[in-house]
Amino acid sequence: MSRPGTGFDPRSDPIMSTALFTYALRLGDDLLILSHRLGEWCGHGPVLEEDIALANRALDHIGEARNLYDYAVKVEGKGRTEDDLAYLRAERQFVNTKLVEQPNGDYAHTIVRSFLFDAYHLPLAEALTRSSDAQIAAIAAKAVKEAQYHLKHSSDWLIRFGDGTEESHRRAQEALDALWTYTGELFVQDDVHEAMVKAGIAPDLSTIKQAFDATVDRVLAEATLKRPADGYMMSGGRQGKHSEHLGFLLAEMQYLQRAYPGAEW
Amino acid sequence: MTDVTNLEERFQARIDAEQKIEPKDWMPEKYRKTLVRQISQHAHSEVVGMLPEGNWITRAPSLRRKAILLAKVQDEAGHGLYLYSACETLGVTREKTIDDLLSGKAKYSSIFNYPTLTWADIGAVGWLVDGAAIMNQVMLCRTSYGPYARAMVRICKEESFHQRQGYEIMSVLAKGTPEQKEMAQDALNRWWWPSLMMFGPSDANSPNSADSMKWKIKRQSNDELRQIFIDRTVQQAEVIGLTIPDPELKWNEATKHYDWGAIDWTEFNNVVAGNGPCNKERLAARNKAHDEGAWVREAALAYAAKKAKKQAA
Ligand SMILES: [Fe+2]
Ligand SMILES: [Fe+2]
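Each chain carries its own residue numbering, running from 1 in the written order of its sequence. Chain labels run from A onward and ligand labels from 1 onward, assigned in the order the entries are written. In keeping with the model being predicted, local features are shown solely for residues with a pLDDT of at least 70 and side-chain atom pairs are shown and tallied solely at 80 or more, while totals for entire chains, interfaces and linings include all residues. The basis for every side-chain value is the complete set of non-hydrogen atoms in the structure, without hydrogens or water.

Moving on to the overall build of chain B. Numbering of helices and strands runs from the N terminus; a helix is a DSSP stretch of H or I covering at least four residues, while a strand is a stretch of E covering at least two. On a plain count of helices and strands, chain B comes out with 13 helices and two strands. For chain B, the C-alpha radius of gyration of 21 Å lies close to 20 Å, the compact-globule estimate for 313 residues. When its C-alpha atoms are laid out on the principal axes, chain B stretches across 70 × 50 × 35 Å. Any two residues having at least one pair of non-hydrogen atoms within 4.5 Å are treated as being in contact. Here the contacts in chain B between residues at least 6 apart in sequence split such that 76% fall between residues at least 24 apart. Note that accessible areas follow from Shrake-Rupley with a 1.4 Å probe, and for residues the cover is restricted to the protein chains shown. With the model as given, the accessible surface of chain B reaches about 14,100 Å², and the carbon-plus-sulfur share is 55%. Charge assignment: positive for Lys and Arg, negative for Asp and Glu; neither His nor the chain ends contribute. By convention, the charge on Lys lies at NZ, on Arg at CZ, on Asp at CG and on Glu at CD. Computing the positive centroid from 42 side-chain charges and the negative centroid from 40, chain B places the two 7 Å apart. Between the two quantities, the radius of gyration covers C-alpha atoms and the globule rule is 2.2 Å times the number of residues to the power 0.38.

Moving on to the coordination of the iron ion (ligand 1). Residue and element names in this part refer to chain B. Water is not among the atoms examined, so metal sites may look incomplete; donors are the N, O and S atoms within 2.8 Å of the metal, or within 3.2 Å for Na, K and Ca. Around the iron ion (ligand 1), the protein contributes the donor atoms E46 (OE), E76 (OE), H79 (ND1) and E159 (OE), at 2.0 to 2.2 Å from the metal centre. Site description for the iron ion (ligand 1): donor spacing in sequence, E-x29-E-x2-H-x79-E. Between the iron ion (ligand 1) and the iron ion (ligand 2), a spacing of 3.3 Å is present, and a bridge between the two is formed by E76. Placement of E46 in helix α2 (residues 29–48) and of H79 in helix α4 (residues 63–88) is noted, with a sequence separation of 33 residues between them. For the pair shown, E46 and H79 are each scored as buried. Residue exposure (1.4 Å probe, protein chains only): buried if accessible area is under 20% of the type maximum, exposed if over 50%, otherwise partly exposed.

Moving on: empty space enclosed by the protein. Residues and elements named next belong to chain A. Residues are called lining when one of their atoms sits within 4 Å of a cavity or pocket point, these points coming from a 1 Å grid over the protein atoms alone, where a cavity is a set in which a 1.4 Å probe fits but cannot get out and a pocket is an open set with protein on both sides within 12 Å along at least five of seven lines. Grid points are joined across faces, edges and corners, and a volume is the space filled by probe spheres set on the points. Taken as a whole and judged by the stated rule, the model has two cavities of 30 Å³ or more. Roughly 70 Å³ of internal volume is contained in the largest cavity. Around the largest cavity, the lining residues are L27, E64, L68, H121, L124, A125, L128, I136, I139 and A140. When contributions to the lining of the largest cavity are tallied by element, the ones reaching two or more residues are α2 (48–76), α5 (107–128) and α6 (134–162). Here the lining of the largest cavity takes four residues from α5, the largest share from any one element. For the lining of the largest cavity, the residue count by class is eight nonpolar, one polar and one charged. The residue classification treats Ala, Val, Leu, Ile, Met, Phe, Trp, Tyr, Cys and Pro as nonpolar and Asp, Glu, Lys and Arg as charged. All others, Gly included, are polar.

Only buried residues count toward a nonpolar core, which is a set of Ala, Val, Leu, Ile, Met, Phe, Trp, Tyr and Cys residues joined through side-chain atoms within 4.5 Å. With 177 residues, the main nonpolar core has F161(A), Y31(B) and W119(B) as its most contacted residues. With 14 residues, α5(A) is the largest single contributor of residues to this core. In this structure Y31(B) touches F11(B), I15(B), I21(B), S144(B), Y145(B), W215(B) and I217(B), once residues within four positions along its chain are discounted.

The subject of this paragraph is the interface of chain B and chain A. At the junction of the two partners, chain B supplies 46 residues and chain A supplies 49 residues. Accessible-area loss on putting two parts together, using a 1.4 Å probe and summing over both, is the definition of buried area adopted here. Interface area lost by chain B to chain A is led by L63(B), W295(B) and Y303(B), which between them contribute 20%. Salt bridge, as applied in this entry: a Lys or Arg side-chain nitrogen positioned within 4 Å of an Asp or Glu carboxyl oxygen. For the interface between chain B and chain A, the tally reads three salt bridges. In protein, a polar contact means a hydrogen-donor-capable atom and an acceptor-capable atom, both N or O and within 3.5 Å, with residues adjacent in sequence counting only if both atoms are side-chain atoms; elsewhere, any N or O pair within 3.5 Å suffices. Where chain B meets chain A, there are 15 residue pairs in polar contact (both at pLDDT 80 or more). A breakdown of the residues in the side of chain B that touches chain A according to their chemical character gives 27 nonpolar, eight polar and eleven charged.

Residues and elements named next belong to chain B. Counted by the stated rule, this structure contains 37 salt bridges over all chains. With a shortest N-O distance of 3.1 Å, R32 and E29 are connected by a salt bridge. Of the two residues, R32 and E29 both sit in helix α2, three residues apart, roughly one turn of that helix. Since its relative accessible area comes to 24%, R32 is described here as partly exposed.

Let us look at the coordination of the iron ion (ligand 2). All of the protein donors around the iron ion (ligand 2) are E76(B) (OE), D130(B) (OD), E159(B) (OE), E159(B) (OE) and H162(B) (ND1); their distances to the metal are 2.0 to 2.7 Å. Taken in sequence order, the residues that donate to the iron ion (ligand 2) follow the motif E-x53-D-x28-E-x2-H.

With that settled, consider the confidence of the model for chain A. Low pLDDT marks stretches whose predicted atomic positions should not be read closely. Known as pLDDT, the predictor's confidence for each residue is given on a scale from 0 to 100. Confidence in the prediction for chain A averages 96 pLDDT; 96% of positions are at 70 or higher. The low-confidence segment residues 2–6 of chain A, where pLDDT is below 50, has nine contacts with residues more than four positions distant or belonging to other chains.

The pLDDT averaged across chain B works out to 96; a share of 99% of its residues lies at or above 70. Scoring of the predicted complex yields 0.96 for pTM and 0.95 for ipTM.

A few words on helix α13 (residues 294–312) of chain B. The end-to-end C-alpha separation of α13(B) is 27 Å, in line with the 27 Å expected for 19 residues at 1.5 Å each. All of the buried residues along α13(B) are W295(B), V296(B), A299(B) and Y303(B). Along the axis of α13(B), the buried positions cluster into a sector of 100°, meaning they face one direction only. Among the exposed residues of α13(B), those pointing more than 90 degrees away from its buried face are L301(B), K309(B) and A312(B). At its buried positions, α13(B) is contacted by α5, α6, α7 (166–179) and α9 (205–223) of chain A together with α12 (279–292) of chain B. Any helix carries an expected span of 1.5 Å times its number of residues minus one. Summarising the geometry, the arc corresponds to the directions from the helix axis toward the C-beta atoms.

To continue, consider the layout of surface pockets. Residues and elements named next belong to chain B. Approximately 1,200 Å³ is the volume found for the largest pocket. Elements that contribute at least two residues to the lining of the largest pocket include exactly α2, α4, α6 (119–140), α7 (146–174), α8 (178–197), α9 (209–214), α10 (222–240) and α11 (265–275). Sort the elements by how many residues they give to the lining of the largest pocket and α6 lands first, with eight residues. Per-class residue counts for the lining of the largest pocket are 20 nonpolar, 18 polar and nine charged.

What follows covers the packing of α6(B) against α10(B). Residues and elements named next belong to chain B. Orientation is described by lines fitted to C-alpha atoms, with helices fitted over the stretch in contact, and by angles between N-to-C directions that extend from 0 to 180 degrees. At their nearest, the axes of α6 and α10 sit 10 Å apart, and the two run at 140° to each other. It follows from the interaxial angle that α6 and α10 lie oblique. Note that α6 runs across α10; the crossing there is right-handed. Listed contacts from α10 to W127, L128, G131, A132, M135, N136 and M139 of α6 are L225, I228, F229, R232, T233, Q236 and A237. What sets the label is the angle itself: under 35 degrees gives roughly parallel, over 145 gives roughly antiparallel, 65 to 115 gives roughly perpendicular, and the rest give oblique. In this scheme, a crossing is called left-handed if the near helix is turned counterclockwise away from the far one by less than a right angle; it is called right-handed if the turn is clockwise.

What follows is about the environment of L31(A). All names here are of chain A. By the secondary structure assignment, L31 is in helix α1 (residues 14–39). You can call L31 buried: its relative accessible area is 1%. When the C-alpha atoms of L31 and R66 are compared, they prove to be 9.1 Å apart, with 35 residues separating the residues in sequence. Leave out the neighbours within four places in its chain, and L31 touches H61, E64, A65, L68, F117 and H121.

As structure tokens, this is what we get:
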């Protein structure tokens, strides 16, 4: 990645500016949707400490998402707001990965979903601190510490489950097997991403994949869990082609904004 | 007998001298029992209180509101933790305390048996329910039992943010579209009387109050706290142009307080008896979370045991 401050402003080029907008949106949508899912647990967690931990994660994710949306609307320059992005886009306009929209399931599913995301999000945030885009770099710098804590939290639980009881081991392995198919999409490097790499804004995803693999292997070994084989990998989320789950999530999330258009809250 | 009397006198002398009672100090059994009942009810209220508000986290109308509500409900979980710990200093484990909640034996604040029907209810809960709770909790910062008082000091720091965010939601709605204003007024109409009931029966009908006052667990009576709350809240409602749903509410120049209408204690007793709109749902939700979380807690214990064994070897 090139150094910040090289003088090139991607926002001055319309094609680049659209790509940067889409990229910020992708990063933001992953975080918002995951935050929403984690918020669904609030008050229903397996133990009070986890209610706190999940709310904390949800807060970190929504905080980072808001920073990214705030930047995205500036890049776009059409006067939209963070809430316009969150509440007034339809299913097909969300560009999060399918992984984060998957339902909570049991606590093993929730933990595994977060673990797989964290194992990707931490090295990504670290790399983005060196982005040529000062704003993306600043947002990432704020997120790195949080992402370290998130990965530790999800890894600790995954290890407890894997090496805990027979039941927790079985549930964790089932969750891992079920969600593995959604990991491929995290590393798909399409035209938008290529443009970001060329501009030094985003890292090559193959380097993030290496870090992801190393984390997964280390944690699964300690958890005595089996890494699923890389079979068919689901994708489409980045192009707005989601699972059926997302529509219901958005219907709930956007209800008030849709029911009372233009109202302030 | 003389010994106990003597101990009780010395205990009362310490209370009168404003000394804090600590877990290892001698205390009358009834003092301990009163505290266990009160602190555990308080802990359960924090935890059950997460449900009506959690109900709107996924539907909060803006990212800012969603984040604030998440932070607020997270605080309540923390309050539950502090209070379960305070309870443990009196020799009752958290597991036992929680079991009493789940079996329906222990009580929690009846206010949480009312439903949050619209977004304005999130405003009303913060403004009125947290607002009423603060009255009690500020008093409890000076309660005679040390661990309880210290838990309250931490809790009070967060509660004023809860009250403010609720009031802010209400004031935005009250200034908003006609539909929003109607939503806010409707929420106030539904939450006003139950909030007044949060202070408990009037002093004349409050059986445990005398001992609690003598032991300085409480320092102000239910009616005194209710009066302060009403005086303050009536003015806040005026500022944002909402009407308190009490035709008898009137400023009394002689007492320098508001007079208010009669509270419907039949409703209160009904909700306490388990017949509130959401009693069954609240208890069912807590039980479901507990049952479905059993394997998670077992796994954590099993893993910790394995790890301890490995380290010992
Ligand atoms: Fe609280
Ligand atoms: Fe509160």
